[in-house]
Amino acid sequence: MTKKILIVSSSLRGGSNSEILAHEAEKGAIDAGNDVEFINLKGKEIKFCIGCLSCQKTLKCVQKDDMVDLIGKVQNADAIIFATPIYYYEMSGQLKTFLDRCNPLYPQENKFKDVYLITSAYDSSEKAADRAINGLKGWIECFEQSRFAGALVGGGIDAPKSAANREDLLKKAYELGKNI
Ligand SMILES: Cc1cc2nc3c(=O)[nH]c(=O)nc-3n(C[C@H](O)[C@H](O)[C@H](O)COP(=O)(O)O)c2cc1C
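Residues numbered from 1 in each chain as written. Predicted model: local features only at pLDDT ≥ 70, side-chain atom pairs only at ≥ 80, totals over all residues. Heavy atoms only, no water.

Student: Account for the site of the ligand, with residues named and values stated.
Tutor: Near the ligand lie 16 residues; those nearest to it are Ser11, Ser16, Ser18, Ile86 and Asp158. With respect to the ligand, the side chain of Ser16 contributes an N or O atom lying 2.7 Å from an oxygen atom. In this structure, an oxygen atom belonging to the ligand sits 2.8 Å away from a main-chain N or O atom of Asp123. About the coverage of the ligand: the protein hides 80% of its 640 Å² of free accessible area. Considered class by class, the residues forming the shell around the ligand number eight nonpolar, five polar and three charged. (Near = heavy atom within 4 Å. Polar contact = N/O pair within 3.5 Å; in protein donor to acceptor, adjacent residues only side chain to side chain. Areas by Shrake-Rupley, 256 points an atom, 1.4 Å probe, with all protein chains shown as cover. Nonpolar A, V, L, I, M, F, W, Y, C, P; charged D, E, K, R; others polar.)

Below you can see the structure in the form of structure tokens.
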């Protein structure tokens, strides 16, 4: 069955390693016959959640920025892959802001089920992504139809574009996408 897969790449830098891995997952997901949309947070205006909670009644955010369009993509997806650089052993601030701004979805019926995380970090330990994975799991826990479906921990990659030389990670990313 064709699935609608949304990929959200959150690194803002050129030659992003997490983005390279996310594109490899995209190839795998396309090869498996899915309908895939890749969105990049570069150049997007996504303000911080201000915590007013009016979205819990109106199902809309009071802030009018790029999230108006992006939240609809989250809502229509069957599965989501988030990609983030590891910053201070956590997910990037821009990914956290994106997740917070999905708060209008909290009181609604949502479709997305399997949620994946792709990370990139200088540190080569698998543990480097533990806090980012835990943070994403907290978000997933608040959407009862969804589940954490897996992570690709890209370790030992620091300079821009260095993920392009890591056949091991590229292969794992492709497989992640292919097996959704
Ligand atoms: C603000 C900042 C914080 C970082 N913190 C960590 C860290 O805690 N652990 C680590 O291994 N790498 C850390 N890094 C390195 C990045 O995770 C690494 O360069 C990664 O490949 C960047 O991914 P990207 O190219 O997708 O942006 C940090 C980089 C920046 C800019």
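Student: Mind laying out the packing of aromatic side chains, listing which residues take part and the relevant values?
Tutor: Evaluated as defined, the whole model comprises six aromatic pairs. Seen from their ring centres, Phe82 and Phe98 are 6.1 Å apart, and the 65° between their planes marks the pair as edge-to-face. With Phe82 in strand E3 (residues 79–85) and Phe98 in helix H4 (residues 93–100), this residue pair connects regions lying 16 residues apart in the sequence. Comparing Phe82 with Phe98 shows no difference in burial state: the two are buried. With 5.6 Å between their ring centres and 90° between their planes, Phe82 and Trp139 make a pair best called edge-to-face. Here Phe82, found in strand E3, pairs with Trp139, found in helix H5 (residues 130–141); they are 57 residues apart in sequence, far enough to count as distant. Both residues of the pair, Phe82 and Trp139, count as buried. Aromatic ring contacts, followed pair by pair, group Phe82, Phe98, Tyr106, Phe112, Trp139 and Phe143 into a single cluster. (Phe/Tyr/Trp six-rings, centres within 6.5 Å; stacked < 30°, edge-to-face > 60°. Helix = DSSP H or I, 4+ residues; strand = E, 2+ residues; numbered from the N terminus. Buried < 20%, exposed > 50% of the residue type's maximum accessible area, 1.4 Å probe, protein only.)

Student: Just give me the short version of helix H1 (residues 17–31), but keep the residues and values in it.
Tutor: In a regular helix each residue adds 1.5 Å, so 15 residues correspond to 21 Å; H1 covers 21 Å between its end C-alpha atoms and thus fits that length. Among the residues making up H1, those that are buried are Asn17, Ser18, Glu19, Leu21, Ala22, Glu24, Ala25, Glu26, Gly28 and Ala29. In this structure, the buried residues of H1 make contact with strand E1 (4–9), strand E2 (35–40), E3, strand E4 (114–120), strand E5 (147–154) and helix H6 (167–178). Of the residues flanking the end of H1, it is Gly33, one or two places downstream, whose phi is positive at about 90°. (Expected span 1.5 Å × (residues − 1). Contact = heavy atoms within 4.5 Å.)

Student: Give a description of the packing of H1 against H6 that names residues and reports values.
Tutor: It is at 6 Å that the axes of H1 and H6 come closest, and there the two elements cross at 40°. As judged from the angle between their axes, H1 and H6 are oblique. Judged by the twist between their axes, the crossing of H1 over H6 is right-handed. When H1 is examined against H6, the residues Ile20, Leu21, Glu24, Ala25, Lys27, Gly28, Ala29 and Asp31 are found in contact with a partner set consisting of Leu169, Leu170, Ala173, Tyr174, Leu176, Gly177 and Lys178. (Axes fitted to C-alpha atoms, helices over the stretch in contact; angles between N-to-C directions. Parallel < 35°, antiparallel > 145°, perpendicular 65-115°, else oblique. Left-handed = near helix turned anticlockwise from the far one by under 90°.)

The analysis is restricted to geometry; functional conclusions fall outside its scope.
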